[in-house]
Protein chains: 2
Amino acid sequence: MSEDHEAPMINGVEHETGKEEDVLPFEEDDYGGVIVEMKTPMDPKCFIATLRYSFTQWRLQGKKGVWLNLPLTHVNLVEPAVKEGFRYHHAEPTYLMLVYWIPKADSTIPLNASHRVRVGAVVLNPNNEILVVQEKYGTLRGLDVWKIPTGVVDVGEEIFTAAIREVKEETGIDTEFLEILAFCQSHKSFFAKSDLFFICLLRPTSFDIQKQDS
Amino acid sequence: MSEDHEAPMINGVEHETGKEEDVLPFEEDDYGGVIVEMKTPMDPKCFIATLRYSFTQWRLQGKKGVWLNLPLTHVNLVEPAVKEGFRYHHAEPTYLMLVYWIPKADSTIPLNASHRVRVGAVVLNPNNEILVVQEKYGTLRGLDVWKIPTGVVDVGEEIFTAAIREVKEETGIDTEFLEILAFCQSHKSFFAKSDLFFICLLRPTSFDIQKQDS
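What you see is a predicted model, and the numbers here were worked out from it, not measured in a lab.

Cut-off values and rules
- Chains are numbered independently. Their residues run from 1 in the order of the written sequence.
- The lettering of chains begins at A and the numbering of ligands begins at 1, in the order of writing.
- Per-residue local features are limited, in this predicted model, to residues with pLDDT of at least 70; the limit for side-chain atom pairs, both in listing and counting, is 80 or more; totals at the level of whole chains, interfaces and linings are taken over all residues.
- The side-chain values count all of the structure's non-hydrogen atoms but skip hydrogen atoms and water molecules.
- The numbering of helices and of strands both runs from the N terminus, where a helix is a DSSP run of H or I of at least 4 residues and a strand a run of E of at least 2.
- One fewer than the residue count of a helix, multiplied by 1.5 Å, yields its expected span.
- Buried, partly exposed and exposed residues are distinguished by accessible area as a fraction of the type maximum, computed with a 1.4 Å probe on protein chains only: under 20%, between the cut-offs, and over 50%, respectively.
- Any two residues having at least one pair of non-hydrogen atoms within 4.5 Å are treated as being in contact.
- Pairs of N or O atoms within 3.5 Å make up the polar contacts considered here, provided that, within protein, one atom can donate a hydrogen while the other can accept it, and that residues adjacent in sequence are counted only when both atoms are side-chain atoms.
- The pairing criterion is simple: DSSP has to find at least two bridges between the two strands.
- Nine residue types can take part in a nonpolar core, namely buried Ala, Val, Leu, Ile, Met, Phe, Trp, Tyr and Cys, and a core is a set of them joined through side-chain atoms within 4.5 Å.
- Cysteine sulfur atoms are paired as a disulfide whenever they come within 2.5 Å of each other.
- The buried area of a pairing is the accessible area, by a 1.4 Å probe, that goes missing from both parts when the two are put together, added over both.
- Note on definitions: salt bridges are taken to be side-chain nitrogens of Lys or Arg within 4 Å of carboxyl oxygens of Asp or Glu.

Can you walk me through helix H1 (residues 44-60) of chain A in this structure?
Every α-helical turn comprises 3.6 residues, leaving residues that sit three or four positions apart pointing alike. Residue and element names in this part refer to chain A. Between its first and last C-alpha, H1 extends 24 Å over 17 residues, near the 24 Å set by a 1.5 Å rise per residue. Inspection of H1 places Phe-47, Thr-50, Leu-51, Tyr-53, Ser-54, Phe-55, Gln-57 and Trp-58 among the buried residues, and these make up the whole buried set. For H1, the elements touching its buried residues are strand E4 (34-37), strand E5 (65-71), helix H2 (78-83) and strand E7 (95-101). At the N-terminal end of H1, a side-chain oxygen is found 2.9 Å from the backbone nitrogen of Lys-45, two or three residues along, and the residue is Asp-43. Immediately downstream of H1, the backbone of Gly-62 shows phi near 70°, a positive value.

Help me understand the pairing of E4 of chain A, please; the structure alone is not making it clear to me.
It is a general feature of regular strands that their side chains alternate between the two faces of the sheet. Residue and element names in this part refer to chain A. The side-chain alternation of E4 yields one buried face, formed by Val-34 and Val-36, and one unburied face, formed by Ile-35 and Glu-37. In this sheet, E4 lies alongside strand E3 (residues 27-28) in antiparallel orientation, the contact comprising two bridges. Residue Glu-28 lies in a different strand from E4, and its bridge partner there is Val-34. Taking the residues between adjacent antiparallel strands as the criterion, E3 and E4 are bridged by five residues, where Gly-32 takes a positive phi near 80°.

Looking at this structure, I do not really get the side chain of Ser-206 of chain B. What am I missing?
All names here are of chain B. With respect to the secondary-structure elements, Ser-206 resides in the segment after strand E11 (193-204). A distance of 2.9 Å separates a polar side-chain atom of Ser-206 from the backbone nitrogen of Asp-174. In contact with Ser-206, other than residues within four places in its own chain, are Gly-172, Ile-173 and Asp-174.

Could you clarify how one ought to interpret the nonpolar core in this entry?
What tends to happen in soluble globular proteins is that the nonpolar side chains get buried as a cluster. Tyr-88 of chain A together with Tyr-88 of chain B are the most contacted members of the largest nonpolar core, which has 54 residues in total. If you look at the next biggest cluster of nonpolar residues, it comprises 30 residues, including Ile-159 and Ala-162 of chain A together with Val-153 and Phe-198 of chain B.

Hey, could you run me through the environment of Met-42 of chain A in this one?
All names here are of chain A. Positionally, Met-42 belongs in the loop between E4 and H1. Considering only alpha carbons, one finds Met-42 and Phe-183, 141 residues apart in sequence, at a separation of 48 Å. What Met-42 contacts, discounting residues up to four positions off in sequence, is Leu-24, Phe-47, Thr-50, Asn-76 and Leu-77.

Honestly, the state of the cysteines in this entry has me stumped. Any pointers?
Two cysteines form a disulfide when their sulfur atoms are joined by a covalent bond. Residues and elements named next belong to chain B. If you walk through the whole model with that rule in mind, you get zero disulfides over all chains. Looking at the unpaired Cys-200, the closest cysteine sulfur is the one in Cys-184, lying at 12 Å. According to the relative accessible area criterion, Cys-200 is buried, its value standing at 0%.

What exactly am I supposed to notice about the interface of chain A and chain B here?
Interfaces are often described in size by the accessible area the parts lose on coming together. At the interface, 50 residues of chain A touch 50 residues of chain B. When the two sides are added together, the surface that chain A and chain B hide from each other amounts to roughly 4,600 Å², 68% of it contributed by carbon and sulfur. Here Glu-92 of chain A makes a salt bridge to Lys-193 of chain B, at a shortest N to O gap of 2.5 Å. Across the chain A-chain B interface, the total number found is 13 residue pairs in polar contact (both at pLDDT 80 or more). Mapped by element, the contributors of at least two residues to the side of chain A that touches chain B are E5, H2, strand E6 (87-92), E7, strand E8 (115-123), strand E10 (175-190) and strand E11 (193-204) of chain A. Looking at the side of chain A that touches chain B element by element, the count peaks at six residues for E6 of chain A.

Got a minute to help me understand unusual backbone geometry in this structure?
As a rule of thumb, non-glycine residues mostly have phi less than zero, and peptide bonds are mostly trans rather than cis. Within the chain, Lys-188 of chain A stands out as a residue other than glycine whose phi angle is a positive 50°. Considering the arrangement of structural elements, one finds Lys-188 of chain A in strand E10. A positive phi is found at Asn-128 of chain B, a non-glycine position, where the angle reads about 60°. Mapped onto the elements, Asn-128 of chain B comes out in the loop between strand E8 (115-123) and strand E9 (150-152).

Structural data, given as structure tokens:
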């Protein structure tokens, strides 16, 4: 935080009451909120002071939600943020997103992602034989259960691409996507999250099965 | 953490080398990992010492992933956990889940939920008029755009239930679910997450439109 409370000239601009240089850097979102992404390290005490001053400004400006993105390297600011009233919204391996709702009205902040999407692949060869696998890990390991190849859709991946990829990874077979045969939703399948499972029909374009090592 | 390094009798049981009382309380998962849910407050220094001792035990036992669930009230342990090598996995408003992968081999820890699921509702009355709304908030606000009712599927909610609920909330109209007309996937629609959008055909069972206040 700058120490300019008695220094009215900053970068050649007079600062008497505005003190805009003390507001955390932020961008506006499309819903009347602000997004703060902490990019430079900050001492927790400075952070709290700057955060409090920022809130006075945002309240005056009628801002609603405040998003606070703390990269893993800024983990020292998580506890101060929570003590100032922030709540967790979501986290990915490299950052934690916290959120604060300014208005007295109920929060309209949307929830985090709620679903994982999985695919299962029905691959039939010209003899109408179906391609099946056994699990090396997981709950079916060692149970001599045969099942269709399945897997989780990656971030940003199309459903049909995931089906083709999983079949290739697990069996070495190349395939073309034909259609989605069915899908179903189940709940509380991974912590509190839901699961959308799409069963895809694929046509094999190679026939030499190679088992996955791991 | 107990201070019994020179006190071999704990609860009437002799403890010479095991010190099992110093391992964080945990449950085993189905994949050779352990799940720690911190339920009682802990001083960060005690937490680090207990965590380090726990890791020596878990390594000896061949454990793989370590899940660490820190409720919001235990935010004081987030920074120590990250400094011990934990990474964020996911967060909900009331807790942060961190994870640590013990083996030298690549992590097989599954990713967090990747998708939000939304619904759109096509509601036709007996005159083949379609039910449409205007947004009071969001990017379409004030643009005089008419659109079908849409919304996000709640945690644990079925797709058809969500469609019926959104139509009721936005228009006051009661409906029955008939079928899914189409669905599509888009990416990076909410932070880095993907979006699965299901368009549902609904039959109205009431016809008195009541606009949503908020």
